[in-house]
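Chain by chain, the residues run as shown.
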Amino acid sequence: MQIQFPKSWPTTPAEAIALQQTLAPQVVLEDRIPNPIRYVAGVDAGFEDEGETTRAAVVVLSFPDLTPVDEVLVRQPTVFPYVPGLLSFREVPAVLAALAQLKTEPDVILCDGQGIAHPRRLGIASHLGLLCDRPTVGVAKSRLVGTHIEVPSDKGTWVPLTDRGDRIGAVLRNRANTKPLYISPGHYTSLETAIDLVLQCSTKYRLPETTRYADRLASSGTARSALENVQQGRLF
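As the structure is a computational prediction, the values presented were derived from the model and not from experiment.

Visitor: Explanation requested: the overall build of the protein in the structure shown.
Guide: Each helix and strand counted, the protein has six helices and eight strands in total. Principal axes of the C-alpha set define a box for the protein whose edges measure 50 × 45 × 35 Å. For the protein, buried positions account for 58% of its 236 residues. Across the protein, the fraction of contacts at a sequence separation of at least 24, relative to all contacts at a separation of at least 6, is 64%. When the accessible surface of the protein is totalled, it reaches about 10700 Å², and 49% of it is carbon and sulfur. Here the protein holds 24 positive side-chain charges and 25 negative ones, and the gap between their average locations is 3 Å.

Here it is, written out as structure tokens:
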């Protein structure tokens, strides 16, 4: 996958916040997704060596059958400190390195994190979408910002997530009687399409298959998980 890496990265929180404020107006919240979608990807990142090393995982699945077809796991030095609201500057450099090694290009990328459901409307999914010029969706396990009413317990139900008068995402019950997910558009994706994609990528687990495979790969620390299990006929 062809990636245009930034010439430089912010080195301080002030520089990162300024860049977020510059990039946020460039996010497109309209659907610009290939039809039909052939491949979806999940990305996730973790850390080793007490945070000194970033471990980024990308798993590409065929769509709509959700079979893993490609995966990459990379490690590289962490280049930015942990600061709430600036997660993308800590994780995205390694995620971009992983995406660059893919042999199968995804049509849509689902990120373990926020899209526009962010104080400055530029979470990791939106930031990554701008850098890759590709549709992205934020799929978060917890709320970063915004308020919402209680979500009904039935699968597929959702309520708006709002902040300062803006609808910034949805709180989605993608599996009955389980904790909801916080879904927000990243880039080139509307909220309704983001919700639909997450539901289509969800099976019997709380996490959609994209996020679940990427999370397992990032957590395992070995690039042999998803594909080898599928190729050897084992459930993953």
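Structure's up, so let's keep going.
Visitor: Just to check I follow, could you spell out the pattern of salt bridges for this structure?
Guide: Two side chains bearing opposite charge may form a pair once their charged atoms approach each other closely. Tallied over the entire structure, the rule returns ten salt bridges. In this structure, Glu48 engages Arg55 in a salt bridge whose closest nitrogen and oxygen atoms are separated by 2.5 Å. The pair formed by Glu48 and Arg55 is uniform in burial state, with each residue classed as buried. With its nearest N and O atoms 2.9 Å apart, the salt bridge here joins Arg75 to Glu48. Taken together, the positions of Arg75 in strand 3 (residues 68–77) and Glu48 in strand 1 (residues 39–48) put the pair 27 residues apart, joining distant regions of the chain. Counted as one network, the salt bridges with shared partners bring together Arg121, Asp163, Arg164 and Asp166.

Visitor: Just checking my understanding: could you explain the packing of aromatic side chains for this structure?
Guide: Pairs of aromatic rings are described using the distance from one ring centre to the other and the angle between the two planes. Applying the stated criterion to the full structure yields one aromatic pair. On the basis of an interplanar angle of 40° and a centroid distance of 5.7 Å, the ring pair of Phe80 and Phe89 is categorised as tilted. Taken as a pair, Phe80 and Phe89 share a single burial class, namely buried. Residue placement shows Arg90 over the ring face of Phe47; its charged tip is 4.4 Å from the ring centre.

Visitor: I would appreciate a short explanation of the layout of surface pockets in the present structure.
Guide: Regions of empty space are outlined by a rolling probe, equal in size to a water molecule, passed over the atoms. A volume near 440 Å³ is recorded for the largest pocket. In this structure, the largest pocket is lined by 23 residues; those nearest its centre are Leu87, Asp112, Gly113, Gln114 and Ser142. Looking at the lining of the largest pocket, the elements that each hand over two or more residues are strand 1 and helix 2 (87–100). Considering only residue class, the lining of the largest pocket consists of ten nonpolar, eight polar and five charged.

Visitor: Where do I start with the packing of helix 2 against helix 3 (residues 124–132) in this structure?
Guide: Packed helices, taken two at a time, are described by the angle their axes make and the gap between the axes. Running from amino to carboxyl end, helix 2 crosses helix 3 at an angle of 45°, the nearest separation of the two axes being 10 Å. With respect to helix 3, the element helix 2 is oriented oblique. Where helix 2 crosses over helix 3, the handedness of that crossing is right-handed. Of the residues in helix 3, those in contact with Ser88, Phe89, Glu91, Val92, Val95, Leu96 and Leu99 of helix 2 are Ile124, His127, Leu128, Leu131 and Cys132. Considered class by class, the residues forming the contact of helix 2 with helix 3 number nine nonpolar, two polar and one charged.

Visitor: What exactly am I supposed to notice about unusual backbone geometry here?
Guide: Negative phi values dominate among residues other than glycine, just as trans dominates among peptide bonds. Cis geometry is found at the peptide bond from Asn35 to Pro36, where omega equals 5°. Inspection of the secondary structure puts Pro36 in the loop between helix 1 (13–23) and strand 1. Cis peptide bonds are those with omega within 30 degrees of zero, and the linkage from Phe63 to Pro64 qualifies with 15°. By the element assignment, Pro64 lies in the loop between strand 2 (53–62) and strand 3. The backbone phi angle of Arg164 is positive, close to 50°, even though this residue is not glycine. By secondary structure assignment, the location of Arg164 is in the loop between strand 6 (157–163) and strand 7 (166–173). In the Ramachandran plot, Tyr188 falls in the positive-phi region, its phi being about 55° despite a non-glycine side chain. Within the secondary structure layout, Tyr188 lies in the loop between strand 8 (181–187) and helix 4 (191–200).

Conventions and cut-offs
Residues numbered from 1 in each chain as written. Predicted model: local features only at pLDDT ≥ 70, side-chain atom pairs only at ≥ 80, totals over all residues. Heavy atoms only, no water. Helix = DSSP H or I, 4+ residues; strand = E, 2+ residues; numbered from the N terminus. Buried < 20%, exposed > 50% of the residue type's maximum accessible area, 1.4 Å probe, protein only. Contact = heavy atoms within 4.5 Å. Areas by Shrake-Rupley, 256 points an atom, 1.4 Å probe, with all protein chains shown as cover. Lys, Arg positive; Asp, Glu negative; His and termini not counted. Charge placed at Lys NZ, Arg CZ, Asp CG, Glu CD. Salt bridge = Lys/Arg side-chain N within 4 Å of Asp/Glu carboxyl O. Phe/Tyr/Trp six-rings, centres within 6.5 Å; stacked < 30°, edge-to-face > 60°. Lys NZ or Arg CZ within 6 Å of the ring centre and 35° of its normal. 1 Å grid on protein atoms, 1.4 Å probe; cavity = no way out; pocket = protein on both sides within 12 Å on 5 of 7 lines; lining within 4 Å. Points joined across faces, edges and corners; volume = space filled by probe spheres on them. Nonpolar A, V, L, I, M, F, W, Y, C, P; charged D, E, K, R; others polar. Axes fitted to C-alpha atoms, helices over the stretch in contact; angles between N-to-C directions. Parallel < 35°, antiparallel > 145°, perpendicular 65-115°, else oblique. Left-handed = near helix turned anticlockwise from the far one by under 90°.

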